[in-house]
Amino acid sequence: MPLSPQASAPTKAYRTCSLCEAACGLEITVADGVPTGVRGDADDVLSQGFLCPKGASIHGLHLDPDRIREPLAKQPDGSFRAVSWEEAFALADRLITPVIAEHGRDAVATYVGNPSGHDLSAALYHRSFHRALGSRRLFTVGTVDQLPKSLSCALMFGTSMAVPVPDVDRAEHVMILGANPVISQGSMVMAPNLRGRLKAVLERGGKLVVIDPRRTRTAQVASEHHFIRPGTDAFLLAGMVHTLLEEGLARPGRLADHLAGLDELAEFAARFPPERAAAACGVAADEIRRLARELAQAERAVLYGRIGTTTQRFGSAASWLIDVVNVLTGNLDAPGGAMFTRPVAGGATATDAGFGRGVEIGRWRSAVRGAPEVLGELPVAVLPEEITQGGEDRVRALFQFAGNPVLSNPDGAAVDHALGQLDVMIAHDFYLNETTRHADVIFPATSPLERSVYPIYVYPTAIRNVANYSPPVLPLSPGRPPDWQVVLRLAAIVRGEGPDADPAAIDDEIVRRAAERATRDPDSPLHGRDVDAVLDELAPRTGPERLLDLKLRSGPYGTSLDALQASPHGLDFGALEPRIPGILRTPSGKIELAPPLLVAEGERMEAEADELAAAATVLVGRRELRSINSWMHNVENLAGGKRRCTLIMHPTDARAAGVGDGDLARVASRVGAVEIHVELSEDIMQGVVSAPHGWGHEREGTQNRVAVRAPGVNVNRLTDPARLDPLSGTAVLNGIPVTVTPAVA
Ligand SMILES: Nc1nc2c(c(=O)[nH]1)N[C@H]1C(S)=C(S)[C@@H](COP(=O)(O)OP(=O)(O)OC[C@H]3O[C@@H](n4cnc5c(=O)[nH]c(N)nc54)[C@H](O)[C@@H]3O)O[C@H]1N2
Ligand SMILES: Nc1nc2c(c(=O)[nH]1)N[C@H]1C(S)=C(S)[C@@H](COP(=O)(O)OP(=O)(O)OC[C@H]3O[C@@H](n4cnc5c(=O)[nH]c(N)nc54)[C@H](O)[C@@H]3O)O[C@H]1N2
Ligand code: SF4
Ligand SMILES: [Mo]
């Protein structure tokens, strides 16, 4: 068939996948302005051609007819009407300005969800938005995710950004707690094809140990797997620390001069001999000793923990003890151990200050239960009560950026109800879903192919010092503002400048402030330069590109956006190198091995050990290859197939509960109940059941025609907002006491 005269040859674009933390390089084929296919970019600096089914379907997200492309305004009858951008901003101004005027800035809250962490505009401008809002009510997905780790790192190393990364490519012994990277592709570590990298450890004669209440896909490739009772990792780790100290195996090596708190740590560990730890966690005492000895004896070993160790009862303590074990075994800050990245775009950990101010927590509290602020935010678990029970101090309005708290936060039914009680809700998202249906105005985010990508939040945990910038694959349709302009126009509105303020003027202010900081910083390559001259060099770029260029130029390698644009597969600035003491930001200039707040958790561990052991059945979470949290469920390519939202249960437990494979079971907790299909498996520990979160798309008033067909329930109807890791305010999502009975048909 002859080609039509307009048809042009397909072109290829290279870009970093923004769906998860692996940040793989993609090669996207575009024909006549339409993305037609995705492959792994074989030349990508880190992923070298690897990709997963989600990345391979990223164009399906772009093409999804249900994705919102125009602003939507809620009608009196609850339905939505498409409106112009000008109308949408005018409406947002009309709704929000009186709330601020009458009730003050704290009456307005912000919720920032996970995809913000993968988006350059969000990373660079959300902070400006929240500063402009001037409210103490900031809620982020961190308190259903990594905040315990951020906090333990802040207390030990002085900044929440100093998160040690498993240097898997050089390790010969890797121990993983509460993570399933074969499916999740790794988190708080950017290591595309982590499965391949872990297999390479085994192929070079090394060892992989997995500790998880379920024999996961990662456990299946491991040399060794141990079941653990959910919520008890801190006990296991305390028992390991006890062993290392008691048997004289603690050899911190060159870190010895940089440690504070060894005596206090020893006092803490003395309370948890392996026998005591074993009684709580279910791993035998001899095994605990052996796990500790093997880590100490291996030449290059690393302990890594993720969501199963953070979103649980002792999340902060477990996160702390993981790094304590890495220190004591001589593996922190050593090749093949747990190392620190030196991010190309600078940031809190780029320079070698060697000391700092550390962190302070509890600077303010939530209105209803008095939950303390941690690292600038309040626990998402308190958001519903802050809306419905805060009286005069209640949250009356909410800005929601890229989050789906109805499906992702504890007690989803309460979240759903509370969002319905708000006076005003403004959303920035590209779906009309369980959460955004509550909004008065929805501003559509651009599709992932219509924007540039530089995963600035992910790079600080990359396993090499790499950088890759991708320009938009496709242009925005005429008249559509890019995301950064939407965020800054909302910032202008909350600053009281009205709906028509020029976002470019705010952007100029932001970049000038950033340039002033960079020219004042003695460690910056721009130190001492004239601010106006620096700004001239950044022209004519604006928006995220200009800010990124500034960060690259003032960053530790003094590179530039031009240099990155000339290298579409990315640039590699080398393997991770030892950073201690330079990376430390503690007032003492030492690694704090025994921060008092964390040591005090020992008492709570002792007090709650019996209660932990008493629960007959507890629920844990899991992830699945074709999902990303609550979304990507509306992409046709990824939908269908075997039922995915099931309750995995041990056959012995199922028999006792009177349910069989494929049966519908009723699962109930203190806060709610769901009916879910049972999937029998010998690969789960007895007394534990597992179900994925992010499902249950059947609500009215949404517009996700593919997702609603997928059977599933919102397991967060079972998670309990009263249960937090109290130090970090992070919700306990793993280890929820439940009962399982046959569903009444
Ligand atoms: N029970 C249980 N609950 C959990 C977890 C668990 O393991 N168990 N895991 C928790 C974890 S780790 C996380 S990260 C959270 C996730 O929690 P959230 O971040 O609250 O929710 P997501 O499901 O990621 O929803 C993301 C939303 O952003 C929209 N979106 C996607 N991309 C963009 C974009 O580029 N811009 C904008 N503006 N919007 C976008 C999507 O349409 C969707 O509405 O869930 C948590 N909840
Ligand atoms: N395909 C896919 N990839 C994803 C996501 C997704 O939804 N789908 N989500 C992304 C996000 S936002 C994140 S944060 C990451 C998370 O990445 P991971 O941390 O790797 O997440 P999971 O696969 O949920 O693995 C958590 C494991 O912890 C176990 N576990 C539960 N409770 C405990 C406990 O008390 N102790 C121990 N030791 N283990 C426990 C669970 O059985 C489970 O196997 O994944 C990211 N990648
Ligand atoms: S592993 Fe993550 S970054 Fe890589 S293609 Fe899949 S979703 Fe994208
Ligand atoms: Mo997450």
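Structural notes, computed from the coordinates. Here the structure is a predicted model, which is why all the values come from computation and not from measurement. (Residues numbered from 1 in each chain as written. Chains lettered and ligands numbered in written order. Predicted model: local features only at pLDDT ≥ 70, side-chain atom pairs only at ≥ 80, totals over all residues. Heavy atoms only, no water.)

Some thoughts on the sheet that holds strand β3 (residues 34–40)
Alright, step 1. Reading across from one edge, β1-β2-β3 is the order of the three strands in this open sheet, with antiparallel pairing throughout. One side of each edge strand has no neighbouring strand; the edge strands of this open sheet are β1 (11–16) and β3. Strand-to-strand twist of the sheet, defined as the mean angle between neighbouring strand axes without regard to direction, takes the value 30°.
Alright, step 2. The pairing of strand β2 (residues 25–31) with β3 spans six bridges and is antiparallel. Of the residues in β3, the one forming a bridge with Glu27 is Arg39. (Pairing = 2+ DSSP bridges. Helix = DSSP H or I, 4+ residues; strand = E, 2+ residues; numbered from the N terminus. Axes fitted to C-alpha atoms, helices over the stretch in contact; angles between N-to-C directions.)

Quick look at the packing of helix α9 (residues 233–246) against helix α14 (residues 315–328)
Alright, step 1. Between α9 and α14, whose axes approach to 9 Å, the crossing angle comes to 25°. As summarised for this structure, α9 and α14 are arranged roughly parallel, according to the angle between their axes. Helix-helix and strand crossings are classified by hand; for α9 and α14 the assignment is left-handed. Of α14, the residues touching α9 (which contributes Asp233, Ala234, Leu237, Ala238, Met240, Val241, Leu244 and Leu245) are Ala317, Ala318, Leu321, Ile322, Val324, Val325 and Leu328.
Alright, step 2. Residue composition of the contact of α9 with α14, grouped by class: 14 nonpolar, no polar and one charged. (Parallel < 35°, antiparallel > 145°, perpendicular 65-115°, else oblique. Left-handed = near helix turned anticlockwise from the far one by under 90°. Contact = heavy atoms within 4.5 Å. Nonpolar A, V, L, I, M, F, W, Y, C, P; charged D, E, K, R; others polar.)

Some thoughts on the site of ligand 3
Alright, step 1. The environment of ligand 3 is made up of Cys17, Leu19, Cys20, Ala22, Ala23, Cys24, Leu51, Cys52, Lys54, Gly55 and Gln185.
Alright, step 2. Residues of the shell around ligand 3, tallied by class, amount to eight nonpolar, two polar and one charged. (Near = heavy atom within 4 Å.)

Considering the nonpolar core
Alright, step 1. Residues Leu236, Met240, Trp320, Phe443, Tyr454, Leu490 and Ile591 are the most contacted members of the largest nonpolar core, which totals 156 residues.
Alright, step 2. Non-local contacts of Phe443, meaning those with residues more than four positions away in its chain, are made with Trp85, Ala88, Phe89, Ala92, Ile426, Ala427, His428, Asp429, Val486 and Leu490.
Alright, step 3. Core analysis: the second largest hydrophobic core is formed by 31 residues, Ile68, Ala109, Val415 and Leu422 among them. (Core = buried A, V, L, I, M, F, W, Y, C linked by side-chain atoms within 4.5 Å. Buried < 20%, exposed > 50% of the residue type's maximum accessible area, 1.4 Å probe, protein only.)

A word on helix α18 (residues 483–494)
Alright, step 1. A rise of 1.5 Å per residue sets the reference length of α18, with its twelve residues, at 16 Å; its end C-alpha atoms lie 17 Å apart and thus fit the reference within 8%.
Alright, step 2. Counting buried residues in α18 gives eleven out of twelve residues, a clear majority hidden from the surface.
Alright, step 3. If you check which residues of α18 are buried, you get Asp483, Trp484, Val486, Val487, Leu488, Arg489, Leu490, Ala491, Ala492, Ile493 and Val494. (Expected span 1.5 Å × (residues − 1).)

Quick word on the pattern of salt bridges
Alright, step 1. Under the defined criterion, the tally for this structure stands at 55 salt bridges.
Alright, step 2. With a shortest N-O distance of 2.9 Å, Lys207 and Glu294 are connected by a salt bridge. One end of the pair, Lys207, is in strand β10 (residues 207–211); the other, Glu294, is in helix α12 (residues 285–297), and 87 residues separate them in sequence.
Alright, step 3. Linking Glu392 and Arg396 is a salt bridge whose minimum nitrogen-to-oxygen distance equals 3.6 Å.
Alright, step 4. In this structure Glu392 comes out as exposed when scored by relative accessible area, which is 66%. (Salt bridge = Lys/Arg side-chain N within 4 Å of Asp/Glu carboxyl O.)

Here we look at the environment of Val486
Alright, step 1. Looking at the element boundaries, Val486 is found in helix α18.
Alright, step 2. Classification of Val486 by relative accessible area gives buried; the value is 0%.
Alright, step 3. Distance in space between the C-alpha atoms of Val486 and Arg517 is 25 Å, their sequence separation being 31 residues.
Alright, step 4. Leave out the neighbours within four places in its chain, and Val486 touches Trp85, Phe89, His428, Phe443 and Pro481.

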